[in-house]
Amino acid sequence: MKKRQLGKSDLYVSEIGLGCMSLPTDQTVANKIIQVALENDITYFDTADLYDKGENEKIVGNALKDKRQNIILATKVGNRLNKSGDGWSWDPSKEWITDAVHASLKRLQTDYIDVYQLHGGTMEDNVDEVIDTMESLQKEGLIREYGISSIRPNVIERFLSKSNAVSVMMQYSLLDRRPEEWFSLLENNSATLFSRGTLAKGLLTKEGLSRASKTEDYLSYSHQELLEALKELNDLEAPLSSIAQHYVLQKDVTGSMILGASSEKQLLESLQSYHLEVPESILQKASELTKKDIYKEHRI
């Protein structure tokens, strides 16, 4: 599997990253999925302190502790669980980030985190304090690089302009092309895209039409528009899941597609789609068949 440089950093990430949120809570089953990832040269693993109330980090840590030197490990911070554990609140304070990073390190069974990501953000945040905290953690050697996971363009723009962030995680797919509006911003700030939602909740797979028939609408697509777009995409001379993956990967700003997997079979299917080459002419046609929307919401 090919690797791509993360911003201007010394880190290189596999073109597919395993989105660990979808991992089963059974350690044995999760281990098998992660082993499939490792055997297929996936080196980037993405989790968050919020997933399964921290249990996901524990599962990932247990599975990867003996492979630590060979992988790039990422997690996220900013969502603070309530004492009751039945909800969370947004807390990007220095105190919380500092406490949270140590808790994540313990759960992940590691001395450092390769990519530490702010898990959201608002324009009301004290962004200077957030960035100063990230820089301090970096100097201490607790994190190697940092970035942000957000769909709020103004939040992303401010964060990138003030920081040395190397990555932005955004939902991006053939059916959600809103991030394209901001690719020049990422490139100008030497930041790399981590793409999530590449398969659009399964709509961009062989089961997509069946899923779409049960979906009223999707983003700016009406139900009928969605069905028509998927029918036209399925008529192209390549599997839709391969088209979806390579469409995202053809963008220079893309670092890694974060693909989830709840079973070995699901991950192997994604890998098979990845390894199938798709001609540029088909990717261009797919682009012509889908909407190039901009963010009308989430701009503040």
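In case you missed it, the structure is sitting above this.
Residues numbered from 1 in each chain as written. Predicted model: local features only at pLDDT ≥ 70, side-chain atom pairs only at ≥ 80, totals over all residues. Heavy atoms only, no water.

(A) Region of the structure containing helix α4 (residues 127-140). Between its first and last C-alpha, α4 extends 20 Å over 14 residues, near the 20 Å set by a 1.5 Å rise per residue. Those residues of α4 not exposed but buried are V127, V130, I131, T133, M134, E135 and L137. On the buried face of α4, the contacting elements are β5 (72-77), α3 (94-108), β8 (113-119), β9 (143-149) and α5 (153-162). The positive-phi residue at the C-terminal boundary of α4 is G141, with phi of around 85°. (Helix = DSSP H or I, 4+ residues; strand = E, 2+ residues; numbered from the N terminus. Expected span 1.5 Å × (residues − 1). Buried < 20%, exposed > 50% of the residue type's maximum accessible area, 1.4 Å probe, protein only. Contact = heavy atoms within 4.5 Å.)

(B) Up close: the environment of S195. When you line up the elements, S195 lands in strand β11 (residues 192-196). With 82 residues separating them along the chain, S195 and I113 place their C-alpha atoms 20 Å apart. Not counting chain neighbours up to four residues away, the residues in contact with S195 comprise M170, Y172, V248, S256, M257 and I258.

(C) The arrangement of the sheet that holds strand β10 (residues 167-171) in detail. Ordered in space as β3-β4-β5-β8-β9-β10-β11-β14, the eight strands form a closed barrel in which the pairing is parallel. In this sheet, adjacent strand axes meet at a mean angle of 30° when their direction is disregarded. Note: β5 against β8, four bridges, orientation parallel. In the strand pairing of β8, V77 is matched with L118. Across the sheet, helix α9 (residues 240-249) lies against β3 (16-19), β11 and β14 (254-260), angled at about 150° from β14, the strand it touches most. (Pairing = 2+ DSSP bridges. Axes fitted to C-alpha atoms, helices over the stretch in contact; angles between N-to-C directions.)

(D) Inspection of the side chain of T43 at higher detail. By the secondary structure assignment, T43 is in the loop between α1 (27-39) and β4 (44-46). Looking at T43, the relative accessible area reads 10%, which means it is buried. Excluding residues that lie within four positions of it along the chain, T43 makes contacts with K3, Y12, V13, S14, N70, I71 and I72.

(E) Seen up close, the packing of aromatic side chains. Applying the stated criterion to the full structure yields four aromatic pairs. An angle of 25° between the planes, with centres 4.6 Å apart, marks the rings of Y44 and F194 as stacked. Placement of Y44 in strand β4 and of F194 in strand β11 is noted, with a sequence separation of 150 residues between them. The class of F194 is buried, set by a relative accessible area of 0%. Taken together, a centroid distance of 6.3 Å and an interplanar angle of 90° make the contact between Y146 and F159 edge-to-face. Of this pair, Y146 sits in strand β9 while F159 is found in helix α5, placing the two residues 13 residues apart along the sequence. Note on Y146: relative accessible area 0%, which makes it buried. One aromatic cluster in this structure is built from Y172, F183 and Y247. When the ring centre of Y112 is taken as origin, the NZ or CZ atom of R68, which lies over that ring, is 4.1 Å away. The ring of Y221 has K291 sitting right over it, with the charged end atom 4.9 Å from the ring centre. (Phe/Tyr/Trp six-rings, centres within 6.5 Å; stacked < 30°, edge-to-face > 60°. Lys NZ or Arg CZ within 6 Å of the ring centre and 35° of its normal.)

(F) Up close: the pattern of salt bridges. Going through the model one piece at a time under the given rule, you end up with twelve salt bridges. R177 serves as the salt-bridge partner of E180, at 3.1 Å between the closest nitrogen and oxygen. Of the two residues, E180 and R177, neither departs from the other in class, the shared state being buried. A salt bridge links K291 to E225, with the shortest nitrogen-to-oxygen separation between them at 3.0 Å. One end of the pair, K291, is in the segment after α11 (280-288); the other, E225, is in helix α8 (residues 223-234), with 66 residues separating them in the sequence. Looking at K291, the relative accessible area reads 26%, which means it is partly exposed. (Salt bridge = Lys/Arg side-chain N within 4 Å of Asp/Glu carboxyl O.)

(G) Structural view of the packing of α1 against helix α10 (residues 264-275). Between α1 and α10, the least distance of the axes is 9 Å, while the angle of their chain directions is 20°. Relative to α10, α1 is oriented roughly parallel. Crossing hand, α1 versus α10: right-handed. Side by side, α1 and α10 meet where K32, I33, V36 and A37 of the first sit next to E264, L267, L268 and L271 of the second. Of the residues contributing to the contact of α1 with α10, the split by class is six nonpolar, no polar and two charged. (Parallel < 35°, antiparallel > 145°, perpendicular 65-115°, else oblique. Left-handed = near helix turned anticlockwise from the far one by under 90°. Nonpolar A, V, L, I, M, F, W, Y, C, P; charged D, E, K, R; others polar.)

(H) Geometry of the nonpolar core. Of all hydrophobic cores here, the largest spans 86 residues; its most connected members are L18, F45 and Y116. Residues in contact with F45, not counting those within four places in the same chain, are L18, C20, I34, A37, L38, L64, I71, I72, L73 and A74. L11, V13, V115 and V166 belong to the second largest nonpolar core, which has eleven residues in total. (Core = buried A, V, L, I, M, F, W, Y, C linked by side-chain atoms within 4.5 Å.)

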